[in-house]
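# Summary of the model geometry
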Amino acid sequence: MTSDECENAGADAAFDRIMESIGNDGPFQRRYNIIFNVIAVLFFAMCVVNVLLVLAVPEHRCRIPVTDNEILNATGSDQWKATVYPMEYNSRGEYVHSSCEMYNISYDEHTTDDYTPASNKTATVSCLYGYEYDRTFYDRTPVTEQDWVCDRELYGTNVFAFVRVSEVCGTFILGQLGDRIGRLPVYLFSIATAAIGRVLSIFSAHSYWLFASLAFIGSFSTNTSFQSPLIIAMEISKDANRAALSLWQLVGWTAGVCLAPLILWWMRDWSWFMIVTSLPCLLFYCFPRYAIESPRWLASQGRYGACLAQLRKIATINGRPFELTEQQLKALVPRPEREKTYGIASLFSGWHMSKLTGLLLFSWICNTIPTFTLFLLSLQMGGNPFLNNFWQGAVELPAYLLGQLCCDRLGRRFTNSGAFLAATLACLPVLLLIHRPGTELYVTMLAIVVKFFVCVTYFALYLQSVELYPTSLRQTGTSFGIIVSNVFGAVGPYIVYLGTSRDLRLPFVAMALIMLVGAVSAIFLPETLHQKLPETMDEGRQFGRDQRFWSIPKRPPSATTTSRTDMETELQELQKLHKPA
């Protein structure tokens, strides 16, 4: 290691020692995690998905200017439909009455006829008198209020795409601001824009572009609202708890994703649903005692006074004495000299690192597109859309648990590639069943299986992104993968639109091909289990070069003894420095 790297490592060790002295696994950490990484994430997850849920398109057909129920009862519903609606094949391959066209005849005069079906030669037109909607699951949504169906069905699809583009822009801008101005101000800004953007959208559905703009604003801070509190929690907790912190946040996310469709099912009105699932995010301004800035980040910026204030908050709640002065803190944790990097351009420095970045990007893209596509398809596949969405959310938690188990036993590479392949194979029976009547339940169950394996790939992929890049590029590399995948994720709504307007098998064909590419790209990534994380750019450029393709990860036998000896020596030196002069 160079002298700068040794100094940085010593500063990190000193800060770890300080956190240990004031408690790095005490009441403060547990309460912070419950408030901001479980409960807040639960509410914010509902805020993220609520705009997507209310844009589901219910069953619909042309409204007709006949309201005499006796006429309808006398002729029979099927006979009456034959006089009004032409027949066509829907996206499931069924021959049904059209939902977007009607025969071009005078229905007021036709009510006195013998109700014979119109001839195939009779001209058809788009709905002249508006639309009727199936109210089984929805009473009022933007789609039913503004008739975003048929020739305007792309309105909702475009909003889904705007949401993905917004997440890209927000991750790029706010992710960098988190390293520049701090995690806390970015977090507070994030929850405000999300809540305000979603609530104001209630009053803007009459203006499509205003509604789309507010959807963009409400989704701008999606990723940083999760990243900021998790990074703070990890930076004030001991190393052994960091994987558990990530898992607890996923528990909060899964709970929110599962609750949101059930709440809409119960309320049935999109305006109140948006309020109930958005405004509670603002409640997390009400915890100033626990809403802290990361003391580790403050020290890295040379803001030692503010760092001491945050450390005293933690020490007080943990019941630990803390008498360190600003000068002592500055001596123990000098502001580090960072390795010179060039941002995203450094991810492509050298052939080997460029290859790793490219393979990771392929994996991120192949994970994100099916994730978003499956979410939207759950609202269009028939049956109860709320239960479809609930089960797609509920399957995430066991998937993450299995992902953690497989990643620690089989390694990240085989887990990621194997889960992609399993998801691809699960799509194949859907292609055979989806056009058969009475198979909605089986198709829904298979879609849940696909979502299960896609979630396993997400868990493994996130670990690989963190562990493959060197320290100076770790956050940049992970954020870049999320940004690029969200750009391509905007394709998801159009894949769904292709299925609902053409053939419902097409989204599963597209997802199977995409996930097959993911399986191939993931298998060529190096294994990171039991490997020393790269610290410098040079180590990053060499990481994995000497690995054999079929090698099985093994824990180095001497790593524990060596690290323990080094730690004891380091702690002795830190204790000497910590003694007052």
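The protein is annotated in an unreviewed UniProt entry as MFS domain-containing protein from Anopheles coluzzii. What the UniProt record of the protein gives under Subcellular location (unreviewed entry) is the line "Membrane".

As a further point, take the overall build of the protein. When you go through the protein residue by residue, the secondary structure sums to 25 helices and six strands. Every one of the 581 residues in the protein was classed for burial, and the buried ones make up 52%. Once local pairs closer than 6 in sequence are excluded, the contacts in the protein between residues at least 24 apart make up 80%.

The full count for this structure, using the stated rule, is two disulfides. A sulfur-sulfur distance of 2.0 Å marks the disulfide that ties Cys100 to Cys150. Disulfide Cys100 to Cys150: torsion about the S-S bond roughly -90 degrees, handedness left-handed. Here Cys100 is found in the loop between β3 (95-97) and β4 (101-103), whereas its partner Cys150 is found in the loop between α6 (142-146) and α7 (154-180), with 50 residues between them in sequence. Under the relative-accessibility criterion, Cys150 is labelled buried at 14%. Bonded cysteines in the protein are paired 1-3, 2-4 when counted in the order they occur along the chain.

Examined against the element boundaries, Leu356 turns out to sit in helix α16 (residues 351-377). A relative accessible area of 3% means that Leu356 is categorised as buried. Setting aside anything within four residues of it in sequence, one finds Leu356 in contact with Leu525, Pro526, Gly540 and Phe543.

Here we take up helix α2 (residues 27-53). With 27 residues, α2 should cover 39 Å at 1.5 Å per step; its first-to-last C-alpha distance of 37 Å lies within 8% of that length. The largest bend in α2 amounts to roughly 40 degrees and is located at Val41. With 21 of its 27 residues buried, α2 lies for the most part within the structure.

Attention shifts here to the side chain of Lys451. With respect to the element layout, Lys451 can be found in helix α20 (residues 440-468). Those residues in contact with Lys451 that lie beyond four places of it in its chain are Leu374, Gln392, Val395 and Glu396.

This next bit is on the packing of aromatic side chains. If you walk through the whole model with that rule in mind, you get 28 aromatic pairs. Each ring, one from Tyr208 and one from Trp209, has its centre 5.1 Å from the other, and the planes form 70 degrees; the classification is edge-to-face. With relative accessibility at 10%, the residue Tyr208 sits in the buried group. Of note, Arg164 hangs over the ring of Phe372, and the distance from its end group to the ring centre comes to 4.4 Å. Across from the ring centre of Phe414, 4.5 Å away, lies the NZ or CZ of Arg413, which sits over that ring.

Counted at 1.5 Å a residue, the expected span for helix α23 (residues 506-523) with its 18 residues is 26 Å, and the 26 Å between its end C-alpha atoms agrees. At its buried positions, α23 is contacted by α16, α19 (412-433), α20 and α22 (492-501).

So, on to a nonpolar patch on the surface. The grouping of Leu421, Leu425, Leu428 and Leu516 at the surface amounts to a nonpolar patch, some 350 Å² of accessible area in total. When residues in the nonpolar patch are grouped by element, the largest group, three residues, is from α19. Since its relative accessible area comes to 40%, Leu421 is described here as partly exposed.

What the rule picks out here adds up to nine salt bridges. Note that Glu145 is salt-bridged to Arg140, the shortest N-O span being 2.1 Å. On the basis of relative accessible area, Glu145 is assigned to the partly exposed category, the value being 32%. A salt bridge links Glu167 to Arg164; its shortest N-O distance comes to 3.3 Å. Taken together, the residues Glu167 and Arg164, both in helix α7 and three residues apart, mark about one turn of the helix. In this structure, a network of salt bridges that share partners links the residues Arg140, Glu145 and Asp269.

Its place among the elements puts Tyr458 in helix α20. Tyr458 gets classed as partly exposed once you look at its relative accessible area, which sits at 29%. Along the sequence, Tyr458 and Thr371 sit 87 residues apart, while their C-alpha atoms lie 9.5 Å from each other. Beyond its immediate sequence surroundings of up to four residues, Tyr458 is in contact with Trp364, Asn367 and Tyr400.

Analysis parameters
Residues numbered from 1 in each chain as written. Predicted model: local features only at pLDDT ≥ 70, side-chain atom pairs only at ≥ 80, totals over all residues. Heavy atoms only, no water. UniProt positions renumbered as here; feature names shortened; annotations may be inferred. Helix = DSSP H or I, 4+ residues; strand = E, 2+ residues; numbered from the N terminus. Buried < 20%, exposed > 50% of the residue type's maximum accessible area, 1.4 Å probe, protein only. Contact = heavy atoms within 4.5 Å. Disulfide = S-S within 2.5 Å. Expected span 1.5 Å × (residues − 1). Bend = angle between axes of the 7 residues up to and from the residue. Phe/Tyr/Trp six-rings, centres within 6.5 Å; stacked < 30°, edge-to-face > 60°. Lys NZ or Arg CZ within 6 Å of the ring centre and 35° of its normal. Patch = residues over 30% accessible without salt bridge, like charges linked within 9 Å, V, L, I, M, F, W, Y side chains within 5 Å. Areas by Shrake-Rupley, 256 points an atom, 1.4 Å probe, with all protein chains shown as cover. Salt bridge = Lys/Arg side-chain N within 4 Å of Asp/Glu carboxyl O.

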